[in-house]
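One letter stands for each residue in the lines below.
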Amino acid sequence: MTMRFFNTYSRSIEEFEPRDPTGHAVSMYTCGPTVYSRAHIGNFRAYIFEDLVQRHLELRGYQVHRVMNITDVDDKTIRGARQAKVPLAKFTEQFKQAFFEDSETLRIKRADQFPAATDQRYVDRMIDMIRELIARGLAYQADDKSVYFRINKFPDYGKLAHFDLTQLQSTGRVKHDEYDKEHIGDFALWKAWDEEDGDVKWASPWGPGRPGWHIECSAMAMALLGDQIDIHCGGVDNIFPHHEAEIAQSEGVTGKKFVRYWQHCAHLLVDSQKMSKSLGNFYTVPDVLAKGYTGRELRYALLRVHYRVPLNFTWEGMKEARESLSRIDEWLGRLRAVAEKENVQRPTPNAQHQIQPDFETALDDDLNISAALGFLFESIRETNRAMDENNLDAASASAWLDWWKRINTVLDLEAETEIPVPPEVAELAKKRDNARREKNWKQSDELRDRISGLGWEVRDAKDGQKITPRVTSG
Ligand SMILES: [Zn+2]
């Protein structure tokens, strides 16, 4: 098994080989949300793509250590807090919570760490890096007191985005607030405090101020994953200047290659247009749920297109997502029914369903999810036909269910199932409820034990009793 990914840095498909000499551990950094508003579905397309990368690596036996940062200080968050007249931390907290809520709705696996840019530990690290860059002649403090990266001193600058930055030099006027820079392309590492920043400031050797967005990611990535990272992901609009700047800062400090594989997810369009608030086609996860769709359906809609192809979000597409998922649900229901049946009928020789590993090999090939899903639906058609003809035996049905269980660790598309409570248990629970109302605790406890003996657990919640299958250890 070899896995291949498109690397934005080389603009070619490369075989994946992690740095870890044992070949198991993979370090992965993904740029997280800037928490100044609720993330939109375009942002979540990228997060779902990153989820796919992680889950497929894990399916293939890799141990992934993933870090996703939270940008909770930048121009937009400061502006938002000022407008709302609340402290920055209070302003960003609501959007952090919203981000985690939406991620859960979309079944996105949590990263191992979510470092926040305002954490003093990381601010210290950013300051150390900037100091080092100045010492190496790669950064300078300008007259406006801010510190900038000197891109002319870093010959590789522009290699990720594949363009020549010397071209920028000749372009006429420079914005007023940037005239202190040596080169128009020089980017801020440390932004000197000004009145608009209010009480948002940290002490530094260059005076009070705050870090630039790019250095935040370099510092947090290196603090948690080391100087060299296997995979770094983001949306295509992160390539320049954000990721280009990350390379310059990190490699400028360490002199080592920062990232082995750069992966970028294409845009999301809505009705073939760029999503924007003014066009009225700007959607968040709750907007989609409000139309009656589930997180699972949105997950499917955002997952099903290859990550390097722009995804066109439409309500028609949401309906298709619903239909596709109900096909999967029905298929699983049928397979379960067949698997549970005793093997009444002997399978005919041509009913031996050999499950091919095509789903996984499609994902090995630069995460070709469309091909992988194509294979899934083809398998559904074939097995359904076999079941129509009474030609699938219980063992084959179980094998398909096992296969589904495996690929569903990547897809995470199964419907939430509530296991029905057997009538006998429900009856005992009802008696117990009555006993509690009569404050007959002894009887209530006895009934609880009897329920437990049947493999169920009863808990008392505010809105009544909750009956769930008893979790047994071992
Ligand atoms: Zn970043």
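A short tour of the structure in this document, coming up. (Residues numbered from 1 in each chain as written. Predicted model: local features only at pLDDT ≥ 70, side-chain atom pairs only at ≥ 80, totals over all residues. Heavy atoms only, no water.)

Remarks on the overall build of the protein chain
Across its full length, the protein chain holds 14 helices and 15 strands. Accessible surface computed for the protein chain: about 23,600 Å², of which carbon and sulfur atoms make up 48%. Across the protein chain, the centroid of the 65 positively charged side chains sits 3 Å from that of the 75 negatively charged ones. (Helix = DSSP H or I, 4+ residues; strand = E, 2+ residues; numbered from the N terminus. Areas by Shrake-Rupley, 256 points an atom, 1.4 Å probe, with all protein chains shown as cover. Lys, Arg positive; Asp, Glu negative; His and termini not counted. Charge placed at Lys NZ, Arg CZ, Asp CG, Glu CD.)

Topic: the coordination of the zinc ion
Within the protein, the zinc ion binds to Cys 31 (SG), Cys 217 (SG) and His 242 (NE2); these donor distances fall in the range 2.0 to 2.1 Å. For Cys 217, a relative accessible area of 0% gives the class buried. Using a relative accessible area of 0% as the deciding quantity, one classes His 242 as buried. (Donors = N, O, S within 2.8 Å, 3.2 Å for Na, K, Ca; no water. Buried < 20%, exposed > 50% of the residue type's maximum accessible area, 1.4 Å probe, protein only.)

Details of empty space enclosed by the protein
Under the criterion given, the structure shown has 1 cavity of 30 Å³ or more. Approximately 80 Å³ is the volume attributed to the largest cavity. Lining the largest cavity we find Arg 45, Ile 48, Phe 49, Leu 52, Leu 302, Leu 303, Val 305, His 306, Tyr 307, Leu 367 and Ile 369. Looking at the lining of the largest cavity, the elements that each hand over two or more residues are helix H1 (41-59) and helix H8 (295-303). In terms of residues, the lining of the largest cavity owes the most to one element, H1, which gives 4 residues. The residue makeup of the lining of the largest cavity, split by class, is 9 nonpolar, 1 polar and 1 charged. (1 Å grid on protein atoms, 1.4 Å probe; cavity = no way out; pocket = protein on both sides within 12 Å on 5 of 7 lines; lining within 4 Å. Points joined across faces, edges and corners; volume = space filled by probe spheres on them. Nonpolar A, V, L, I, M, F, W, Y, C, P; charged D, E, K, R; others polar.)

With respect to the sheet that holds strand E11 (residues 268-270)
Strand pairing within a sheet occurs via backbone hydrogen bonds; the two strands may be parallel or antiparallel. Strand order in this open sheet of 3 strands is E12-E11-E13, and the pairing throughout is mixed. The sheet is open, and its two edges are formed by strand E12 (273-274) and strand E13 (311-313), each paired on a single side. Both E11 and E12 contribute to a ladder of 2 bridges, which runs antiparallel. For Val 270, the partnering residue across the bridge sits in E12 and is Gln 273. (Pairing = 2+ DSSP bridges.)

Concerning the packing of aromatic side chains
Within a pair of aromatic rings, the relevant descriptors are the distance that separates the centres and the angle that separates the planes. The final tally for this structure, using the stated rule, is 28 aromatic pairs. Plain terms: the ring middles of Phe 44 and Phe 99 are 6.1 Å apart, the flat faces sit at 20° to each other, and that makes the pair stacked. With Phe 44 in helix H1 and Phe 99 in helix H3 (residues 88-105), the pair connects residues that are 55 residues apart, well separated along the chain. There is no split in this pair, since Phe 44 and Phe 99 are both buried. With a centroid separation of 5.1 Å and an interplanar angle of 5°, the aromatic rings of Phe 149 and Phe 187 are classed as stacked. A residue pair is termed long-range when its members are at least 10 positions apart, and Phe 149 in strand E6 (residues 147-149) and Phe 187 in the loop between E6 and strand E7 (188-192) qualify at 38 residues. Note on Phe 187: relative accessible area 8%, which makes it buried. One Lys or Arg, Lys 291, reaches over the ring of Trp 315 and ends 5.0 Å from the middle of that ring. One Lys or Arg, Arg 308, reaches over the ring of Phe 6 and ends 4.1 Å from the middle of that ring. (Phe/Tyr/Trp six-rings, centres within 6.5 Å; stacked < 30°, edge-to-face > 60°. Lys NZ or Arg CZ within 6 Å of the ring centre and 35° of its normal.)

Description of the packing of helix H9 (residues 315-340) against helix H11 (residues 369-388)
Describing two packed helices takes the angle between their axes plus the distance from one axis to the other. Their axes nearest at 10 Å, the elements H9 and H11 cross at an angle of 40°. Taken together, the axes of H9 and H11 lie oblique to each other. Crossing of H9 against H11: the hand is left-handed. Listed contacts from H11 to Ser 324, Arg 327, Ile 328, Trp 331, Arg 334, Leu 335 and Val 338 of H9 are Leu 376, Phe 377, Ser 379, Ile 380, Arg 381, Thr 383, Asn 384, Met 387 and Asp 388. (Axes fitted to C-alpha atoms, helices over the stretch in contact; angles between N-to-C directions. Parallel < 35°, antiparallel > 145°, perpendicular 65-115°, else oblique. Left-handed = near helix turned anticlockwise from the far one by under 90°. Contact = heavy atoms within 4.5 Å.)

Some thoughts on the pairing of strand E3 (residues 25-30)
Strand residues, when the strand is regular, have side chains that alternate between the two faces of the sheet. Across the 6 residues of E3, 5 count as buried, placing the element largely inside the fold. When E3 meets strand E9 (residues 229-235), the two strands line up parallel, connected through 3 bridges. Along E9, the bridge assignment pairs Met 28 with Ile 231.

Topic: the pattern of salt bridges
On inspection of all chains with the given rule, the structure shows 36 salt bridges. Between Arg 260 and Asp 230 there is a salt bridge, with the nearest N and O atoms lying 4.0 Å from each other. With a gap of 30 residues between them, Arg 260 in strand E10 (residues 259-265) and Asp 230 in strand E9 connect regions that are remote in the sequence. Exposure remark for Arg 260: the relative accessible area of 31% places this residue in the partly exposed category. A salt bridge links Glu 360 to Arg 406; the shortest N-O distance between them is 2.8 Å. Separated by 46 residues along the polypeptide, Glu 360 in helix H10 (residues 358-364) and Arg 406 in helix H12 (residues 394-411) bring together distant segments of the chain. Judged by its relative accessible area of 36%, Arg 406 is partly exposed. Each of Asp 51, Arg 55, Arg 107, Arg 299, Asp 412 and Glu 416 takes part in salt bridges that share partners, so that together they form one network. (Salt bridge = Lys/Arg side-chain N within 4 Å of Asp/Glu carboxyl O.)

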